[in-house]
Amino acid sequence: MATSTAAVLSPPTVAGLRLAPSHRAAVSFRGASSPARRSVAARAALEPSVVISLSTGLSLVMGRFVFFNFQRENVAKQVPEQNGKTHFEAGDERAKEFAGILKSNDPVGFNLVDVLAWGSIGHIVAYYILATTSNGYDPPFFG
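Being a predicted model, the structure only gives us computed values, none of them experimental.

1. Regarding helix H2 (residues 48-65)
Taking 1.5 Å as the rise per residue, H2 with 18 residues should run 26 Å; its terminal C-alpha atoms sit 26 Å apart, in good agreement. Along H2, the residues that are buried comprise Val51, Ile52, Ser55, Thr56, Ser59, Gly63 and Arg64. Residues of H2 that are buried sit in contact with helix H3 (68-77) and helix H4 (112-134).

2. Overview of the packing of H2 against H4
Running from N to C, H2 and H4 cross one another at 140 degrees; their axes reach a closest spacing of 8 Å. By the angle between their directions, the pair H2 and H4 is classed as oblique. The two elements H2 and H4 cross, and the hand of that crossing is right-handed. Only Val115, Trp118, Gly119, Ile121, Gly122, His123, Val125, Ala126, Tyr127, Ile129 and Leu130 of H4 make contact with H2, whose side of the interface consists of Pro48, Val51, Ile52, Ser55, Thr56, Ser59, Leu60 and Gly63. Taken together, the residues of the contact of H2 with H4 break down into twelve nonpolar, seven polar and no charged.

Rules of the game
- Residues numbered from 1 in each chain as written.
- Predicted model: local features only at pLDDT ≥ 70, side-chain atom pairs only at ≥ 80, totals over all residues.
- Heavy atoms only, no water.
- Helix = DSSP H or I, 4+ residues; strand = E, 2+ residues; numbered from the N terminus.
- Expected span 1.5 Å × (residues − 1).
- Buried < 20%, exposed > 50% of the residue type's maximum accessible area, 1.4 Å probe, protein only.
- Contact = heavy atoms within 4.5 Å.
- Axes fitted to C-alpha atoms, helices over the stretch in contact; angles between N-to-C directions.
- Parallel < 35°, antiparallel > 145°, perpendicular 65-115°, else oblique.
- Left-handed = near helix turned anticlockwise from the far one by under 90°.
- Nonpolar A, V, L, I, M, F, W, Y, C, P; charged D, E, K, R; others polar.

This is the structure in structure tokens:
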């Protein structure tokens, strides 16, 4: 009994480029009368690289052309103040933002920080889509 269990649990041996015949093939858990089953491989519902690229691209386009003014207006409202003055006006010389990272050649000023922020949002959305479609969850978005 111990030898048959060891034979079943032992890894297959390799001879050249092909698997060597092993004694595992002789041991069967099912009777010979059971019909042969087909091997079913799991496939991804969507191509991951396409989903990530499209989601990130769409997020960048939405951030640049749709939400840019809304985002800039909200950021302008959130300037930190002390006694009614901004930190820089109150004498904190280090409170001024580094202007080099916020420069861009974009006509409206879409800069590196915006690209990183909107790109990460696009990746988050893409991974949500891939995770929910691969586990069989079908959200009723349009119905």
